[in-house]
Amino acid sequence: MRDFINEVTVLSQTILHGHAYNGQALDPLGRFLVQTTLRHYFWLDSIVQTILDKPLQKKHQDLKLLLILGISATEFLNQPIYTSVNAAVETTKRLKKPWAKGLVNASLRTFQRTRQAVINEIHAEVALTNHPLWILDRIQADWPDQKAAIIAANNDPAPMILRVNAGKQTRAAYQILLAAKDLMATPCDLSPNGLILDQAVAVGDLPGFGEGWVSVQDSGAQLAAQLLQPKPFERVLDACSAPGSKSCHLLELAPTLDLVSVDIDADRLTRVSENFTRLGATGDLRCLDLAKPQPELGTFDRILLDTPCSASGVIRRHPDIKLLRRPEDLATLIETQRQLLTQCWSLLRPGGSLLYVTCSIFSDENEDNLVWFLANHHDVETLALPAVGVPRSIGVQLLPTKGVHDGFYYAHVRKMSPGL
Ligand SMILES: C[S@@+](CC[C@H](N)C(=O)[O-])C[C@H]1O[C@@H](n2cnc3c(N)ncnc32)[C@H](O)[C@@H]1O
C-alpha cells in the first residue's frame, strides 16, 4: 500500500529545515499533495491544532506534518477518504513510530466525524487566507482595494504558460501542433509569444521542447524582453540571469545580440547554459557579483536587471514562499537591489536603457527603490511603458491575477547623455 513517507520527508525540508520546496523525489500524486499542502498550510495547521488534545512534543513534529498531510489528502486528493487515512496510518511505521498508529488513525477519523464543526471554528485571518500575518499586513498597506483578489490569485494554482520561440515557430503554428496532441491552449493577451495551456503537462510531452521550439515561462515574465526592446547587434547585459528564461527570450527575439548573462550563483548559471544548449543559442556567461563594481565588463547599450526579491508576486507558483520568507529578509533584499541598481547603472552607456524588474508586489522593493535611485542620480530619465497593469509613480505593477499572469514590477529608465 502507498504511504506518505516521501511526502513527509519533502514537506519537513521546507517546514522544519527552511529549504525551498523540491519535489524531484516525488511521483505526480506526491507533488500535487505536497504543493497543495503548502498552499493550504495555515488552514491545515489550524485544523490539526484543534483536533489534537494537546500539542505534540518538538521531537514529534514529523507526526504533526503527517497529520497535516493526512488531512490535506482527505480534503484535496481525488481518492477515497479511507485510502488517505490508511496511507497516513501506514506511514507511522516508516517513521519508526508505530506507537503513533492509534493517534493518527483516531485524529483523522475524529476530523471526518466533526469536520464541519472544526472548520466553522476557524476564524483567524491567517488560517482563512493561508497567508502569514506580515504578508497580509503588507498587502493591506500597499494594495488595500486589491487585497482579496491578490489573496485569491495567490491561493489558486498557476496555469502552465508557454513561450513559443519566435525564431522557430509562429504562435499560431505551435498551437496547431499542440492541438494535434490534444493539448488545448489559449493565446496570452500580454505576450505575442505566450500560450496558456488548459492543463499542465510534462515538458517532455510538448512538441519540440528538446529542440527549443518552446519554453515554460509566465506571461508576466515574458514582458521583460519585449519592454527592453533590444535592437540587432546591441550589447546587452542580463544582470541577474539564472536560470536564463529572460536571456533565452532576448536571444529568440534578437539572435544577433551581443548578450552577456551574469549571475552570482555558479550552480544556477549552469541552468542558463543548459537552457542555451536546448535552444541552440550561444552566450557569454559570467559568474560575478554585480552588487560590486565590475568595470572589466565594459559598457552596455541595454541592461535587464531582474533583481533578487521577496518573490511575493509568484506565491501561486511557489507557495513555500509564504512559509520561508521572513519580514526581516526585506531590508537585506532592498539593500542588494539598490546596490545592483547603482552598479549596473555605471555599466550603462549614455543614451542606453535599463529595465528594472522584480517578481514582488511590495512597493519598497519596487517604485520606492526607483524613487530613491532618481533622488541620487541626476542622469536618469524615466521611459513610458505600455498600458499594462497598475501604473505607479514610476513604473507599472502587474498584480497576480487568477488564471492569467504572476505579479511583476517593471520600470524602464534611460541614462541621459552628459550635458543634456
Ligand atoms: C529573479 S532571479 C533571476 C531570474 C532570471 N532573470 C530569469 O528570468 O530566469 C534573481 C537572480 O539574481 C541572482 N543574484 C542575486 N544577487 C546577485 C548579485 N549580487 N549579482 C548577480 N546576480 C545576483 C540570483 O542568483 C538569481 O539567480
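Being a predicted model, the structure only gives us computed values, none of them experimental.

Asker: Is there a simple way to explain the overall build of the chain in this structure?
Answerer: In terms of regular secondary structure, the chain is built from 16 helices and 13 strands. For the chain, the C-alpha radius of gyration of 23 Å lies close to 22 Å, the compact-globule estimate for 420 residues. With the principal axes as the frame, the chain shows a C-alpha extent of 75 × 50 × 35 Å. Counting only residues that meet the buried cut, the chain has 54% of its 420 residues in that class. Excluding contacts between residues fewer than 6 apart, the proportion of contacts in the chain whose partners are at least 24 apart in sequence is 71%. Counting every atom, the chain has about 18600 Å² of accessible surface; 54% of that belongs to carbon and sulfur. Positive and negative charge centroids in the chain, built from 41 and 44 side chains respectively, lie 5 Å apart.

Asker: I'm lost on the domain arrangement of the chain in this one. Help?
Answerer: Often, the extent of an interface is quoted as the loss of accessible area on bringing the components together. Examined at the domain level, the chain breaks down into domain 1 (5-129), domain 2 (161-216) and domain 3 (223-415). Here domain 1 and domain 2 have C-alpha centroids that lie 36 Å from each other.

Asker: Where do I start with the side chain of Lys246 in this structure?
Answerer: Turning to its location among the elements, Lys246 is positioned in helix α12 (residues 245-253). Lys246 gets classed as buried once you look at its relative accessible area, which sits at 11%. Contact partners of Lys246, with chain neighbours within four places excluded, come to Gln217, Ala221, Ala224, Asp238, Leu304 and Asp306.

Asker: What is the right way to look at the site of the ligand in this model?
Answerer: Taken together, the neighbourhood of the ligand is formed by 20 residues, with Cys240, Asp263, Arg268, Asp289 and Asp306 sitting nearest. One nitrogen or oxygen atom from the side chain of Lys246 is found 3.0 Å from an oxygen atom belonging to the ligand. Within the side chain of Asp263, one N or O atom sits 2.6 Å away from an oxygen atom of the ligand. Relative to its free-state accessible area of 600 Å², the ligand is covered by the protein chains to the extent of 87%. Considered class by class, the residues forming the shell around the ligand number 10 nonpolar, four polar and six charged.

Asker: Would you explain the pattern of salt bridges in this entry?
Answerer: Two side chains bearing opposite charge may form a pair once their charged atoms approach each other closely. Under the definition given, this model contains 23 salt bridges. The salt bridge involving Asp27 is made with Arg2; its shortest N-O contact spans 2.8 Å. Here Arg2 lies in the segment before α1 (5-15) and Asp27 lies in the loop between α1 and α2 (28-39), a separation of 25 residues in the sequence. Accessibility expressed as a relative area gives 35% for Asp27, which makes it partly exposed. Owing to a relative accessible area of 34%, Arg2 belongs among the partly exposed residues under this scheme. Asp62 is paired through a salt bridge with Lys97; the nearest N and O atoms lie 2.9 Å apart. Remark: Lys97 occurs in the loop between α5 (81-94) and α6 (101-120) and Asp62 occurs in helix α4 (residues 61-76); sequence separation between them is 35 residues. For Asp62, a relative accessible area of 17% gives the class buried. Connected through salt bridges with shared partners, the residues Asp218, Arg316, Arg317 and Asp406 form a single ionic network.

Asker: Would you mind going over the layout of surface pockets with me for this structure?
Answerer: In this approach, a probe sized like a water molecule rolls over the atoms, and the result shows the empty space that is left. Its volume calculated, the second largest pocket comes out at about 250 Å³. Lining the second largest pocket are 13 residues, with Leu52, Asp53, Lys54, Leu56 and Leu103 sitting closest to its centre. Ranked by residues supplied to the lining of the second largest pocket, first place goes to α6 with four residues. Of the residues that constitute the lining of the second largest pocket, the class distribution is seven nonpolar, four polar and two charged.

Asker: Can you walk me through the packing of aromatic side chains in this structure?
Answerer: Two aromatic rings are characterised by how far apart their centres lie and by the angle between their planes. Under the counting rule described, the total for this entry stands at seven aromatic pairs. Taking 6.4 Å as the distance between ring centres and 40° as the angle between the ring planes, the aromatic pair formed by Trp372 and Phe373 counts as tilted. Residue Phe373 is classed as buried on the basis of its relative accessible area, which comes to 0%. Arranged with centres 6.2 Å apart and planes meeting at 25°, the rings of Phe408 and Tyr410 form a pair that is stacked. Assigned by exposure class, Phe408 and Tyr410 land together as buried. Within the aromatic cluster, the residues linked to one another by ring pairs are Trp345, Trp372 and Phe373. Looking at Arg235, its charged tip hangs above the ring of Phe300, at a distance of 4.2 Å from the centre. One Lys or Arg, Arg278, reaches over the ring of Phe209 and ends 4.0 Å from the middle of that ring.

Cut-offs and rules
- Residues numbered from 1 in each chain as written.
- Predicted model: local features only at pLDDT ≥ 70, side-chain atom pairs only at ≥ 80, totals over all residues.
- Heavy atoms only, no water.
- Helix = DSSP H or I, 4+ residues; strand = E, 2+ residues; numbered from the N terminus.
- Rg over C-alpha atoms; globule rule 2.2 N^0.38 Å.
- Buried < 20%, exposed > 50% of the residue type's maximum accessible area, 1.4 Å probe, protein only.
- Contact = heavy atoms within 4.5 Å.
- Areas by Shrake-Rupley, 256 points an atom, 1.4 Å probe, with all protein chains shown as cover.
- Lys, Arg positive; Asp, Glu negative; His and termini not counted.
- Charge placed at Lys NZ, Arg CZ, Asp CG, Glu CD.
- Domains from an automatic or database assignment.
- Near = heavy atom within 4 Å.
- Polar contact = N/O pair within 3.5 Å; in protein donor to acceptor, adjacent residues only side chain to side chain.
- Nonpolar A, V, L, I, M, F, W, Y, C, P; charged D, E, K, R; others polar.
- Salt bridge = Lys/Arg side-chain N within 4 Å of Asp/Glu carboxyl O.
- 1 Å grid on protein atoms, 1.4 Å probe; cavity = no way out; pocket = protein on both sides within 12 Å on 5 of 7 lines; lining within 4 Å.
- Points joined across faces, edges and corners; volume = space filled by probe spheres on them.
- Phe/Tyr/Trp six-rings, centres within 6.5 Å; stacked < 30°, edge-to-face > 60°.
- Lys NZ or Arg CZ within 6 Å of the ring centre and 35° of its normal.

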